[in-house]
Amino acid sequence: MSAEAKLREEIVRYGQSMFERRLTFGSSGNISARLDDGWLMTPTNVSLGRLDPARLTKLDEKGNLVSGDAPTKEKFLHIAMYRERAKARAVIHLHSTHSVAVSCLEGIDTDDVLPPITAYYIMRVGRLPLVPYYPPGDEALAEAVRAKATKHSAVLLANHGPVVTGTSLDAAVNATEELEETARLYLMLHGRETRFLDPAAVEALRKKYPIE
Ligand SMILES: [Zn+2]
């Protein structure tokens, strides 16, 4: 099986897995992966639970359609992340409930939305900036995402959801899940006195496990 054929199968498998675990729903959410000469991306108006490997969108290096169905309307979010993250091989964008809930909270730190609850969050997601709200399809959102992606492998779109990169599809899925579970923990801990990781421990993790 060619590398591209294998990647197509992986996108379908991860899409179905995330859909079945209710990490995304309806036709929301999209997955992309880098090829040597462009990208594979999930098509518009299709459930991640019912993807067809043969119909995935294939784009060239400029983002033009090569084959498959029309791309997700959020294509520009993915391309904005790849343009700034040279080592990113995959991007996942979901409307995962707990991450979206956190993206709507008043008073959060827009430079780093979630506190350091666990070491794995620091190792897989790192710092998570909030990108201001723009309506769906607004190209200004791509610029706002690019501005944050220069220094971050993941961003949270206000009142919308996360966009997460990885050095492989597997890594991007793991980071997305880590983010969603950390958002869930954060909401669970609301109103309770909480001991977060101390700044020295966080710094040590950031040094030892830099995020690419
Ligand atoms: Zn979206």
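Shown above is the structure to which this text applies.
How each quantity is defined
Residues numbered from 1 in each chain as written. Predicted model: local features only at pLDDT ≥ 70, side-chain atom pairs only at ≥ 80, totals over all residues. Heavy atoms only, no water. Pairing = 2+ DSSP bridges. Helix = DSSP H or I, 4+ residues; strand = E, 2+ residues; numbered from the N terminus. Contact = heavy atoms within 4.5 Å. Axes fitted to C-alpha atoms, helices over the stretch in contact; angles between N-to-C directions. Donors = N, O, S within 2.8 Å, 3.2 Å for Na, K, Ca; no water. Tetrahedral: all angles 85-135°; square planar, octahedral: opposite > 155°, others 65-115°. Buried < 20%, exposed > 50% of the residue type's maximum accessible area, 1.4 Å probe, protein only. Core = buried A, V, L, I, M, F, W, Y, C linked by side-chain atoms within 4.5 Å. Parallel < 35°, antiparallel > 145°, perpendicular 65-115°, else oblique. Left-handed = near helix turned anticlockwise from the far one by under 90°. Nonpolar A, V, L, I, M, F, W, Y, C, P; charged D, E, K, R; others polar.

Draft legend 1. Examining the sheet that holds strand 3 (residues 57-60) more closely. A sheet is described by the order of its strands in space; here eight strands give the open sequence 4-3-2-1-5-8-7-6, paired in mixed fashion. The sheet terminates laterally at strand 4 (65-67) and strand 6 (130-131), the two strands that pair on one side only. Together, strand 1 (30-35), strand 2 (38-41), strand 3, strand 4 and strand 5 (90-93) form the strand contacts of helix 1 (residues 3-20), whose direction differs from that of strand 1 by roughly 160°. In the packing of helix 6 (residues 169-188) onto the sheet, the strands contacted are strand 1, strand 5 and strand 8 (161-166), and the crossing angle to strand 8 comes to about 145°.

Draft legend 2. Broad picture of the coordination of the zinc ion. The coordination sphere of the zinc ion contains the protein donors Glu74 (OE), His93 (NE2), His95 (NE2) and His160 (NE2), at a distance range of 2.0 to 2.1 Å. Coordination at the zinc ion is irregular: its four donor atoms span angles of 92 to 146° at the metal. Mapping the donors of the zinc ion onto the primary sequence yields the spacing E-x18-H-x1-H-x64-H. One end of the pair, Glu74, is in the loop between strand 4 and helix 2 (75-84); the other, His160, is in the loop between strand 7 (154-157) and strand 8, and 86 residues separate them in sequence. You'll find Glu74 and His160 in the same group, each marked buried.

Draft legend 3. Just the nonpolar core, in detail. Within the largest apolar cluster, 20 residues are counted, with the highest numbers of intra-cluster contacts made by Val145 and Leu157. Contributing elements (two or more residues each) for this core: strand 2, helix 2, helix 5 (140-149) and strand 7. Of the residues forming this core, the biggest block, six residues, is contributed by helix 2. With residues up to four places along the chain from it excluded, the contact list for Leu157 reads Leu77, His93, Ser103, Leu130, Val131, Leu141, Val145 and Val163.

Draft legend 4. Representation of the pairing of strand 2 in the model. Inspection of the sheet shows strand 1 paired to strand 2 by four bridges, in the antiparallel sense. Counted as the bridge partner of Ala33 is Leu40 from strand 2. Where strand 2 and strand 3 come together, four bridges link them in antiparallel fashion. Bridging across to strand 3, Leu40 finds its partner in Lys58.

Draft legend 5. Spatial organisation of the environment of Val155. Mapped onto the elements of the fold, Val155 is located in strand 7. Taking the C-alpha atoms as reference points, Val155 and Val113, separated by 42 residues in sequence, lie 9.4 Å from one another.

Draft legend 6. Structural view of the packing of helix 2 against helix 5. Running from amino to carboxyl end, helix 2 crosses helix 5 at an angle of 30°, the nearest separation of the two axes being 9 Å. With respect to helix 5, the axis of helix 2 lies roughly parallel. When the axes of helix 2 and helix 5 are compared, the crossing they make is right-handed. Packed against helix 2, whose contacting residues are Phe76, Leu77, Ala80, Met81, Arg83 and Glu84, the element helix 5 presents Leu141, Ala142, Val145, Arg146 and Ala149 at the interface. Split by residue class, the contact of helix 2 with helix 5 holds eight nonpolar, no polar and three charged.

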